[in-house]
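The lines below spell out each chain.
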Amino acid sequence: VSLEELGLITALNSVLSIIGIIVSACTLTVNHRVSYLIAKFSVGVGKAFWKRVRTKWAIASSLMAIGWLLLTPTIASYLNIPIIFLVASLAPIIVVAVIDAANRGLLKGNFLFGSLALVVIVEAGVKILSVIGFVEGGMESYAALALPLSLLLAYLTSSILSWKFGRLVPNETS
C-alpha cells in the first residue's frame, strides 16, 4: 500500500471518527433510556421508545447524508481524494451508523451482551477480510471501502438481532 493510499484511508477514518462521536452519544442515549423504561415500566415500553427514536434518527440522518452527497465534490477536492466515490460512499454510512447506534443501544439496554459481541466481531472481521480481499485482488486504492463495508454489515447484524428481540416482546406505549 502506497503512502497516498494510506493517507486516503486515514482521511476517511478521520471522518468516520467524527461520525463516531455522534453515534456514541446516540447509543448511550438509547441504552440509558431503554434501561430506565424497562426498570420503571416494562420491556415493551423500552421497545416502543427504541422504535420512535430509530425512526426520528433515520429521518435526521438521511437529511445529513443528502447534505454530505451535495458537498461530496467539495470535500473530495479539499481532502485531495481522487476517487470521489470513496467520499460519496460515506453518505449511506451516516444513516446506517445512526440506526445501528439505536440498535446497539437497545441491545445494551436489555443486557444482550452476546448479541453485541457478535456485532463487534462481524464489524472487525469484515473490515480485516475486505482489506485483505482488496489488496490481494490488486485494488489497493479501494481498500478504504473496508470501513463503510464493515459498518454496513455490522448494521445489518444489529438490525437482525434487534428485530429478533423485538418480535419476542409485546408492543406497549408509554
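S.K.: Is there a simple way to explain helix 4 (residues 90–109) in this structure?
M.R.: Side chains that are three or four residues apart share a direction in an α-helix, a result of its 3.6 residues per turn. Its 20 residues give helix 4 an end-to-end C-alpha distance of 28 Å, which sits within 8% of 28 Å, the value for a rise of 1.5 Å per residue. Phe111 sits one or two residues past helix 4 and shows a positive phi near 60 degrees.

S.K.: Please explain the packing of aromatic side chains as it appears in this structure.
M.R.: For any pair of aromatic rings, the description rests on two quantities: the centre-to-centre distance and the angle between the ring planes. The full count for this structure, using the stated rule, is one aromatic pair. Centroid distance Phe111 to Phe113: 6.0 Å. Interplanar angle 65 degrees. Geometry classified as edge-to-face. A relative accessible area of 59% means that Phe111 is categorised as exposed.

S.K.: In this structure, what is going on with the nonpolar core? I would like to understand it.
M.R.: Formed by 33 residues in total, the largest nonpolar core has its most connected members in Leu12, Leu16, Ile19 and Trp68. Elements that contribute at least two residues to this core include exactly helix 1 (3–40), helix 2 (43–78), helix 3 (84–88), helix 4 and helix 6 (146–168). A total of nine residues in this core trace back to one element, the largest contributor, which is helix 4. Setting aside its immediate chain neighbours within four residues, Ile19 contacts Ile94 and Ala97.

S.K.: For this particular structure, what's the right way to read the packing of helix 1 against helix 2?
M.R.: Each pair of packed helices can be summarised by the angle the axes make with each other and by the distance between the axes. The geometry of helix 1 relative to helix 2 is characterised by a closest axis approach of 9 Å and an angle of 160 degrees between their N-to-C directions. One finds that helix 1 runs roughly antiparallel with respect to helix 2. Relative to helix 2, helix 1 is oriented so that their crossing is right-handed. Residue-level inspection shows Val15, Cys26, Thr29, Val30, Arg33, Val34, Leu37 and Ile38 of helix 1 in contact with helix 2, the latter providing Val43, Val45, Gly46, Phe49, Trp50, Val53, Trp57 and Trp68.

S.K.: What am I meant to see in unusual backbone geometry here?
M.R.: Positive phi outside glycine occurs at Phe111, with the angle close to 60 degrees. Note that Phe111 resides in the loop between helix 4 and helix 5 (113–136).

S.K.: Please explain the environment of Lys108 as it appears in this structure.
M.R.: Here Lys108 shows up in helix 4. With a relative accessible area of 29%, Lys108 lands in the partly exposed category. Separated by 87 residues in sequence, Lys108 and Ile21 place their C-alpha atoms 18 Å apart. When sequence neighbours within four positions are dropped, the list of residues in contact with Lys108 reads Thr27, Asn31, Phe113 and Leu116.

S.K.: Is there a simple way to explain the side chain of Arg104 in this structure?
M.R.: Relative to the assigned elements, Arg104 resides in helix 4. If we ignore the near neighbours within four places in the chain, the residues touching Arg104 are Thr27, Leu116, Val119, Val120, Glu123 and Ala154.

Conventions we followed
Residues numbered from 1 in each chain as written. Predicted model: local features only at pLDDT ≥ 70, side-chain atom pairs only at ≥ 80, totals over all residues. Heavy atoms only, no water. Helix = DSSP H or I, 4+ residues; strand = E, 2+ residues; numbered from the N terminus. Expected span 1.5 Å × (residues − 1). Phe/Tyr/Trp six-rings, centres within 6.5 Å; stacked < 30°, edge-to-face > 60°. Buried < 20%, exposed > 50% of the residue type's maximum accessible area, 1.4 Å probe, protein only. Core = buried A, V, L, I, M, F, W, Y, C linked by side-chain atoms within 4.5 Å. Contact = heavy atoms within 4.5 Å. Axes fitted to C-alpha atoms, helices over the stretch in contact; angles between N-to-C directions. Parallel < 35°, antiparallel > 145°, perpendicular 65-115°, else oblique. Left-handed = near helix turned anticlockwise from the far one by under 90°.

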